[in-house]
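Analysis of the macromolecular model
Below, each chain spelled out in residue letters.
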Amino acid sequence: MEEKNYAGPQLAEEEYSEVDIMELVRKLLKEWKLILKWCAVAVVVGLVIGFSLPKQYTVSSKLAPEVVSKSSSSLGSLASLAGINLGAMNTSDAVYPDLYPDIVNSTPFVVELFPVQVDFVRKKEEMTTDFYTYLLDHTRVPWWSYALNAPKAALGWFIGLFREKTEPVEGFAELNPSALTDEQDWVAKAVRSCISLSVDKKTSVINVSVTTQDPRVSARISEEVISRLKTYVVNYRTQKSRQDVAYYQQLYDDAQAAYYSAQSRYARYVDSNQGVVLQRVRTEQERLQNEMNLAFQLYNTCAQQLQGAKAKVQLETPVFTVINPPQVPLKRSAPSKVTILAGCVFFAFLLAAVWVLWGRDMLAGLKKKEEEDQ
């Protein structure tokens, strides 16, 4: 008997919930014309947004850097089972792959991309310019950007009336990475928004993505980012070794000059004392010969050290393997007009459903309450 009493109310609740759902569906079907109107407006809005957004082309590439690890093999094996790459964490370098995104987004790295020459098509015309000018003068923005920026521009113009007049600096002919102008700072932010770099924590594979409004520009900048990142890391890894090479080269040059000088003194003395059997002459000749031998030993040692330093530079030069090189994309990556249209229609349907089911009744209740209060 207790089981039947417990099952009864549960069944009633299920029937009550089912009735409520059917009631909501009937209310929606009753107002299908209103919902259809909202969806139709959403279609128009979605088409306007889809055709207003400029086309974007993305080039993705992958490269694998050489990582020098100091972690033990046993500890590294245990970490790899847990999906952690200790090689990327315990390296002998201060610049390891996890810092590459910060390097690419740094101001010195970004401003080095300003003078890169790019080829693109604008209004069926082949054009060539630097990346700075391309972003500043040859990229499109949605029409609503002008409306949103109009108040800010008007406020800046009004404030400028009370400031001291200064000649604006245009272009990047005068470039100071630590003190960018407003125009240069805007272009630097645009460059950062174009470039995306991520590192796989487990494999240390670097993913580089560049998105611009022209496919060839995206491919060109992607190649330049990879090349400059390689140069940065190579210069860092070999900086100490290259300083050692310069130091040993100076020692080698000095030792070579000293050896040649001692050799010349010995040869001149021997030539000027041919046939002389005096003991002091033989003693001086032995002294000059010993100086020449010592100079040669020092010269030979410096030559060996110089060759070793050069070999060390080659040994410490990291190797980057490009797994997926940049390629000019054939299709745009954004915007997806179908996705935008579907999103607008779905959002409009939700708004219409909320209005039909609850919004209209709530508004009517508020109006009725106001009338009763009055």
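In this text, all values refer to a predicted model and were calculated from it rather than measured experimentally.

1. Focus: a nonpolar patch on the surface
Together, Val44, Val48, Val141, Trp143 and Tyr146 make up a nonpolar patch on the protein surface, roughly 520 Å² of accessible area in all. Looking at the nonpolar patch, the elements with two or more residues in it are α2 (32–52) and α7 (143–160). Mapped onto the fold, valine 48 is located in helix α2.

2. What to know about the packing of α2 against helix α12 (residues 337–373)
Contact geometry of α2 with α12 gives a least axis separation of 8 Å together with a crossing angle of 150°. Put simply, α2 runs roughly antiparallel to α12. Two packed elements cross with a definite hand, and for α2 against α12 that hand is right-handed. Facing Leu34, Ile35, Trp38, Cys39, Ala42, Val43, Gly46, Leu47, Ile49, Gly50 and Phe51 of α2, the residues of α12 in contact are Lys337, Ile340, Leu341, Cys344, Val345, Ala348, Phe349, Leu351, Ala352, Trp355, Val356 and Arg360. Along the lines of polarity and charge, the residues of the contact of α2 with α12 split into 19 nonpolar, two polar and two charged.

3. A closer look at the side chain of glutamine 184
By secondary structure assignment, the location of glutamine 184 is in helix α8 (residues 182–194). Here glutamine 184 is in contact with Phe114, Tyr132, Gly171, Phe172, Glu174 and Leu175, once residues within four sequence places are set aside.

4. Brief notes about the nonpolar core
One broad rule of soluble globular proteins: the nonpolar side chains tend to lie buried together. Of all hydrophobic cores here, the largest spans 34 residues; its most connected members are Phe131 and Val191. When residues of this core are traced back to their parent elements, those giving at least two are α4 (100–105), α5 (107–111), β2 (117–121), α6 (131–137), α8, β4 (195–199), β5 (206–212) and α9 (215–237). It is α9 that contributes the most residues to this core, six residues altogether. In this structure, phenylalanine 131 is in contact with Leu113, Phe114, Val116, Val118, Val191, Thr212, Val217 and Ile221, ignoring residues within four places of it in sequence. If you look at the next biggest cluster of nonpolar residues, it comprises 16 residues, including Val245, Tyr252, Tyr299 and Val313.

5. Comments concerning the packing of helix α10 (residues 239–272) against helix α11 (residues 279–316)
At a minimum axis separation of 8 Å, α10 and α11 run at an interaxial angle of 160°. In terms of orientation, α10 lies roughly antiparallel with respect to α11. Like other packed secondary-structure pairs, α10 and α11 cross with a definite hand, here left-handed.

6. Here's the deal with unusual backbone geometry
Between alanine 334 and proline 335 the backbone carries a cis peptide bond, its omega angle lying at 0°. Structurally, proline 335 can be placed in the loop between β6 (320–324) and α12. One non-glycine residue, serine 204, adopts positive backbone phi at about 65°. One can find serine 204 in the loop between β4 and β5. A relative accessible area of 3% means that serine 204 is categorised as buried.

7. Remarks on the sheet that holds β4
With antiparallel pairing, four strands are arranged side by side in an open sheet as β4-β5-β1-β6. Where the open sheet ends on each side, the last strands, each with one partner, are β4 and β6. Neighbour-to-neighbour, the strand axes of the sheet open up by a mean angle of 25°, direction not taken into account. Looking at chain direction, strand β1 (residues 57–65) and β5 are connected through seven bridges and run antiparallel.

Calculation rules
- Residues numbered from 1 in each chain as written.
- Predicted model: local features only at pLDDT ≥ 70, side-chain atom pairs only at ≥ 80, totals over all residues.
- Heavy atoms only, no water.
- Patch = residues over 30% accessible without salt bridge, like charges linked within 9 Å, V, L, I, M, F, W, Y side chains within 5 Å.
- Areas by Shrake-Rupley, 256 points an atom, 1.4 Å probe, with all protein chains shown as cover.
- Salt bridge = Lys/Arg side-chain N within 4 Å of Asp/Glu carboxyl O.
- Helix = DSSP H or I, 4+ residues; strand = E, 2+ residues; numbered from the N terminus.
- Axes fitted to C-alpha atoms, helices over the stretch in contact; angles between N-to-C directions.
- Parallel < 35°, antiparallel > 145°, perpendicular 65-115°, else oblique.
- Left-handed = near helix turned anticlockwise from the far one by under 90°.
- Contact = heavy atoms within 4.5 Å.
- Nonpolar A, V, L, I, M, F, W, Y, C, P; charged D, E, K, R; others polar.
- Core = buried A, V, L, I, M, F, W, Y, C linked by side-chain atoms within 4.5 Å.
- Buried < 20%, exposed > 50% of the residue type's maximum accessible area, 1.4 Å probe, protein only.
- Pairing = 2+ DSSP bridges.

These figures capture arrangement, not role.
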